[in-house]
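Analysis of the macromolecular model
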Amino acid sequence: MKNIRLIARLDVKGQFLIKGVHLEGLRKIGNPQEYALKYYQAGADELIYMDVVASLYGRNNIRDIVERTAENVFIPITVGGGIRSVSDARDLLRSGADKVAINTAAIQSPMLLTEIAEVFGTQSVVLSVEATKQPDSSWVAYTDNGRERSKYEVLEWVQKAIELGAGEILLTSVDREGTCHGFDLELVRYVSEEINVPLILSGGMGALNDVAQAVRSGADAVAMASVLHYEHLSLEDIRAEAKATGLHVRQVEWK
Amino acid sequence: MEIAVLDYGAGNLRNVCRAIEHLGYQHCLVRTAGDLKTIDKLIIPGVGAFKVAMKQLKERGLVEAIQEYAQQSKPLLGICLGMQLLFDRSSELGETEGLGLIRGSVEVIPDTDVEGGAMKVPHIGWNELEFDLPAAEVIQQIRELSPVYFVHSYRAVDVSYENLVAHCVYGGETIPAIVQKGSVVGCQFHPEKSGYVGLRILSGFLGD
């Protein structure tokens, strides 16, 4: 049996948990560690930390946050933002991350995926893709938190990255991100049919049945942010609804 | 009682250490064969590649030291790659000999399932344990509990039924999840990343 994963995504800027819409117009939400602990206790299957300004300023201030989080959160943690080298990845993995998510640096230098996979294994390399739909209906991968257009068409880039060592794909629809209007099902269908590594769909979670739609369209996991941060929905209800619609989800066991 | 986590340069041992601390136990890191002599409980964590890990164990003179430790029937817990190292050999990055504490070998998870459909590798996520043997004392508490977190591309094969305590099923493929031979136990999943259930498994191993 394979359980789909319900993942809480925490975008971080400096010391704050933040949230935007279409990865822009960021608002402060609160203390990231507090939210991480809250989601862990509510039964999140994984956490994703994304340092949203790291690639803009080349900073890596998220290490301390990860380190403090890992002291009392015992589920997998993926960390992305500003990872430019094997040594950056090592620092984060040592701080408590289980996987690193890479976008901008991989587009600039795709071999980085291979270098990290060779040292830490493909299972710790997540390719983060910020997909934006173009006027001609194609999807293009963006970098720097949805700001810069890359030369890659999304599927072409994902396939290349998997060949190079990415063990998992975090696929974010920039168009849906922060809107709570539902996942981009067309996007996940398009990508998931052509790949053979786990895919996390991100961007747009807003209603209880969005999870089932995402999974039926090919997602192995869904990442959620606004809907949890603003308490529109609870992880308990999302899990119960997923189960009720026939999805396999982890049955969370309390003490 | 001296609890030790093996630091052989591979893997992410900090997460295991944090979980041990969270459970209220003290521990030390062991890096040399000499360190191992005074240890009562040993955990071998592991993320990374089999071949590289064995090379690091050899360079530190730890292969024989671990084998001697196990011969004294002292508790040993191998996690993920640390579990795979307990077997005779692995084919990861070329055939490599393991610690040989439990019979079996380690092979890549096939990328097609039993019906010929595509199967995603690595196996990442929460999966249920199915018990094949009455669980050992160490892990008794986890029966009937919620799933545990797996992340791996290789799995044990040819494990003798008497050593296979629990397995999970992935794409129709049986994946050994808990193996045991005497005081030597291996978990393919990560108890330090499996929430409360994982912490309980660890606590079962750490407690008396």
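Above this text you will find the structure in question.
Please read these numbers as outputs of a predicted model, since none were measured by experiment.

As a further point, take the nonpolar core. One finds Tyr 49, Ile 116, Leu 127, Leu 171 and Val 211 of chain A to be the most contacted residues of the largest nonpolar core, which totals 118 residues. Sort the elements by how many residues they give to this core and helix α6 (residues 195-206) of chain B lands first, with seven residues.

As a further point, take the sheet that holds strand β6 (residues 96-97) of chain B. Residues and elements named next belong to chain B. Spatially, β6-β5-β7-β11 is the arrangement adopted by the four strands of the open sheet, whose pairing is mixed. Edge positions in the open sheet fall to β6 and β11 (154-157), since each of these has one partner strand only. In this structure, strand β5 (residues 89-90) lies alongside strand β7 (residues 105-108), joined through two bridges in parallel fashion. Residue Ser 90 lies in a different strand from β7, and its bridge partner there is Val 106.

Moving on, we come to the state of the cysteines. The bond known as a disulfide is covalent and runs between the sulfur atoms of two cysteines. Residues and elements named next belong to chain B. Evaluation of the coordinates by the stated rule reveals zero disulfides over all chains. With no disulfide of its own, Cys 17 lies closest to Cys 28 among cysteine sulfurs, the gap being 9.6 Å. Among the residues examined, Cys 17 registers a relative accessible area of 5% and is labelled buried.

Turning to the environment of Ala 105 of chain A, a few remarks are in order. Counting through the fold element by element, Ala 105 of chain A comes out in helix α5 (residues 104-108). Under the relative-accessibility criterion, Ala 105 of chain A is labelled buried at 11%.

Here we come to the interface of chain B and chain A. Opposite the 35 residues of chain B that make contact, chain A presents 42 residues. Our count for the chain B to chain A interface comes out at four salt bridges. In this structure, Lys 193 of chain B and Asp 98 of chain A form a salt bridge, with 2.9 Å as the shortest nitrogen-oxygen distance. Applying the counting criterion to the chain B and chain A interface returns 14 residue pairs in polar contact (both at pLDDT 80 or more). Put simply, the parts of the chain that give the side of chain B that touches chain A at least two residues each are α1 (13-22), β8 (123-127), β10 (148-152), β12 (164-170) and α6 of chain B. Looking at the side of chain B that touches chain A, its residues break down into 17 nonpolar, ten polar and eight charged.

What follows covers the environment of Ala 225 of chain A. Residue and element names in this part refer to chain A. Following the sequence through the fold, Ala 225 ends up in the loop between β12 (221-224) and α10 (226-229). Remark: the alpha-carbon pair of Ala 225 and Met 205, spanning 20 residues in sequence, is separated by 7.8 Å. Setting aside chain neighbours within four positions, we find Ala 225 in contact with Arg 9 and Lys 19.

How each quantity is defined
- The numbering scheme is per chain: residues are counted from 1 as the chain's sequence reads.
- Lettering for chains starts from A, numbering for ligands starts from 1, and both go in the order in which the items are written.
- Predicted model: local features are reported for residues with pLDDT of at least 70 only, side-chain atom pairs are reported and counted for 80 or more only, and whole-chain, interface and lining totals are derived from all residues.
- Only hydrogens and water are set aside when side-chain values are computed; all heavy atoms of the structure are taken into account.
- For our purposes a nonpolar core is just a set of buried Ala, Val, Leu, Ile, Met, Phe, Trp, Tyr and Cys residues, chained together by side-chain atoms within 4.5 Å.
- Under the scheme applied here, a residue whose accessible area is under 20% of the maximum for its type counts as buried, over 50% as exposed, and between as partly exposed, the area being computed with a 1.4 Å probe on protein chains only.
- Secondary structure elements are taken from DSSP: a helix is a run of H or I of four residues or more, a strand is a run of E of two residues or more, and numbering for both begins at the N terminus.
- Pairing between two strands is assigned when DSSP locates at least 2 bridges connecting them.
- Cysteine sulfur atoms are paired as a disulfide whenever they fall within 2.5 Å.
- Note on contacts: a residue pair qualifies if any of its non-hydrogen atoms lie within 4.5 Å across the two residues.
- By definition here, a salt bridge exists when the distance from a side-chain nitrogen of Lys or Arg to a carboxyl oxygen of Asp or Glu is within 4 Å.
- Polar contacts, as counted here, are pairs of nitrogen or oxygen atoms within 3.5 Å of one another; within protein the pair requires one atom able to donate a hydrogen and one able to accept it, and residues that are adjacent in sequence qualify only if both atoms are side-chain atoms.
- Throughout this entry, Asp, Glu, Lys and Arg are counted as charged residues, while Ala, Val, Leu, Ile, Met, Phe, Trp, Tyr, Cys and Pro are counted as nonpolar. The remaining residues, Gly among them, count as polar.

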